[in-house]
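Here's the letter readout for the chains.
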Amino acid sequence: MAEELHHLDLKSAAQGLREGRFTSEAYTAALLEHIRAVDPQVQAWAFLDPEYALTQARALDQIRLEGRPIGPLHGVPVAVKDIFDTADMPTEYGSPIHAGRTPSRDATAVALLRGAGAVIMGKAVTTEFAFLSPGKTRNPHNPAHTPGGSSSGSAAAVAANMVPLAIGSQTAGSTIRPASYCGVIGFKPTHGLISRHRVSPLSRTLDHVGLFARTIDDIAILAEQLVAFDENDPDTRPRARIPFLAISTDEPPLAPMFAFIKTPMWQRADDETKEGFAEIIEQLGDRVEEVELFPSAQDAWQWHQTIMGAEVAHNFEREWQNSRALLSEQLRGQIERGLAVRAVDYQRALKQIAPLHDSFVELFEQRYDAILTPAAPSAAPKGLTSTGDPSFCTLWTLCGMPSLTLPLLQSSDGLPIGVQLVGARGGDARLLRTARWLSKKMAEG
């Protein structure tokens with residue numbers, strides 16, 4: 001039974017738990033047994049206390065046995081990126097500066113996971129402060145290759161069947177890229193849809209919470225639990241509940257139309273990625289059209305760099321002043337570049353976002369259901385000194401548009417290559433529906 005349980009996705013596990021076919025303690029124990037077998041090679045965890053995970057599971061089993069109400073994630077273990085505060089375990093941001101830091105309260109997203117009944121399995125490895133300096137995690141498909149970043153442990157833990165779900169973050173490509181490299185589904189919702197309260201900030205303008213799972217259903221169920229207004233995050237807004245699962249499982253009234261946008265980054269894509277996309281486009285036939293990126297978007301990568309630089313310098317002022325020697329060379333360089341950004345350039349870059357986004361709104365309203373583009377230039381690069389190139393994600397993160405990567409392609413050496421879909425802001429559930437249609441279409445061959 002233990003061997004079978006660790007392969008379960010969220011939907012199957014939650015159903016088995018509800019029906020009493022197995023307990024949360026048994027499920028958690030099966031996952032922990034699998035972690036003991038595979039994590040010495042993958043190294044996805046920054047903090048994991050097996051006995052405490054089982055203690056949570058037993059308490060949740062008792063709630064079910066007493067006939068009390070249970071949530072959609074009841075008894076299901078989830079990995080949490082180590083930049084989200086957890087009141088019952090350390091949150092160290094992947095930095096020696098904060099070694100041993102134990103917060104007194106949960107991040108809002110963690111509190112919502114607990115409210116839905118999840119077992120907080122442990123803290124997944126993050127790059128230093130969710131920037132570029134890699135942690136210890138390796139790619140589950142080949143440990144000589146990067147898992148991507150900054151949500152390295154979150155993507156790897158889900159890919160290696162250690163947990164069915166994980167949460168991470170994205171400021172440039174930190175959810176979509178590791179999901180692509182590790183061969184799982186990564187979802188970056190519309191900016192401001194999920195609270196970032198008590199999550200280590202890089203850039204308020206660009207930071208998003210990201211989700212990892214192995215099925216679109218699981219992403220939808222997880223999103224339903226996390227999307228909520230939080231007065232502590234000024235970018236969230238009160239809104240009606242979004243029925244992600246119901247919308248994403250509906251059959252589209254019309255077959256979706258895709259806009260294939262190469263962006264100026266297309267030259268960075270390797271031959272295998274280009275060949276894979278040529279096959280997808282051929283299979284989609286008249287449901288896809290190549291669309292040139294409009295001239296006003298050509299400088300988006302520079303605007304992103306300007307905004308991120310200034311906001312990173314602001315957010316890490318204390319670490320810069322007090323613990324500079326303990327910061328990586330990459331982060332020190334980013335802070336230095338940010339300190340040099342002029343206020344007028346920062347404000348000018350911020351002002352570009354709204355008109356840039358409006359141009360994409362027009363694209364969606366006129367014809368297209370989703371933008372089709374690579375998630376990364378290639379499969380996971382060999383080596384562990386870099387987390388790869390986020391440039392295929394930068395534009396969509398700047399615009400705050402929802403994006404999702406599907407593991408639809410593979411390199412010649414068996415590594416996953418992700419296909420990224422981008423939707424209209426606020427059209428998150430429809431984007432999942434379009435992704436499901438595309439997955440089915442590609443499976444038909």
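Before going into details, it helps to say that this report is about the structure given with it. (Residues numbered from 1 in each chain as written. Predicted model: local features only at pLDDT ≥ 70, side-chain atom pairs only at ≥ 80, totals over all residues. Heavy atoms only, no water.)

The residue E319 is located in helix α12 (residues 317–322) in this model. Along the chain, E319 and R332 lie 13 residues apart, while their C-alpha atoms are 10.0 Å from each other. Excluding its chain neighbours within four sequence positions, the residues that come into contact with E319 are I97, H98, F129, R324 and L327. (Helix = DSSP H or I, 4+ residues; strand = E, 2+ residues; numbered from the N terminus. Contact = heavy atoms within 4.5 Å.)

One pass over the structure, following the stated rule, counts 20 salt bridges. Residue D88 pairs with R114 through a salt bridge whose shortest N-O separation is 2.8 Å. Of this pair, D88 sits in the loop between β2 (77–81) and α5 (108–115) while R114 sits in helix α5, and the two are 26 residues apart along the sequence. According to the relative accessible area criterion, D88 is partly exposed, its value standing at 27%. We note a salt bridge from R436 to D217, for which the minimum N-O separation is 2.5 Å. Here the residue R436 occupies a position in helix α16 (residues 428–444), and D217 occupies one in helix α8 (residues 216–226), the gap between them amounting to 219 residues. When its relative accessible area of 25% is taken as the criterion, R436 is described as partly exposed. Via salt bridges that share partners, R196, R204, D233 and D235 belong to a single interconnected network. (Salt bridge = Lys/Arg side-chain N within 4 Å of Asp/Glu carboxyl O. Buried < 20%, exposed > 50% of the residue type's maximum accessible area, 1.4 Å probe, protein only.)

Let us look at the pairing of strand β9 (residues 370–374). For β9, the buried fraction is high: five of the five residues fall into the buried class. Judged by which residues are buried, β9 turns out to be covered on both faces: A370, L372 and P374 on one side and I371 and T373 on the other are all buried. By the bridge criterion, three bridges tie strand β7 (residues 258–260) to β9 in an arrangement that is parallel. When the bridges of β9 are listed, A259 appears paired with I371. Pairing of β9 with strand β11 (residues 416–422), which is carried by four bridges, proceeds in the antiparallel orientation. Residue pairing in the sheet places T373 in a bridge with Q420 of β11. (Pairing = 2+ DSSP bridges.)

Turning next to helix α3 (residues 24–42). For α3, the principal kink sits at R36 and spans about 40°; a proline, P40, occurs within the next four residues. Buried within α3 we find S24, Y27, T28, A30, L31, L32, H34, I35, D39 and V42. Where α3 ends, the next residue or the one after it, Q43, has phi of about 60°, a positive value. (Bend = angle between axes of the 7 residues up to and from the residue.)

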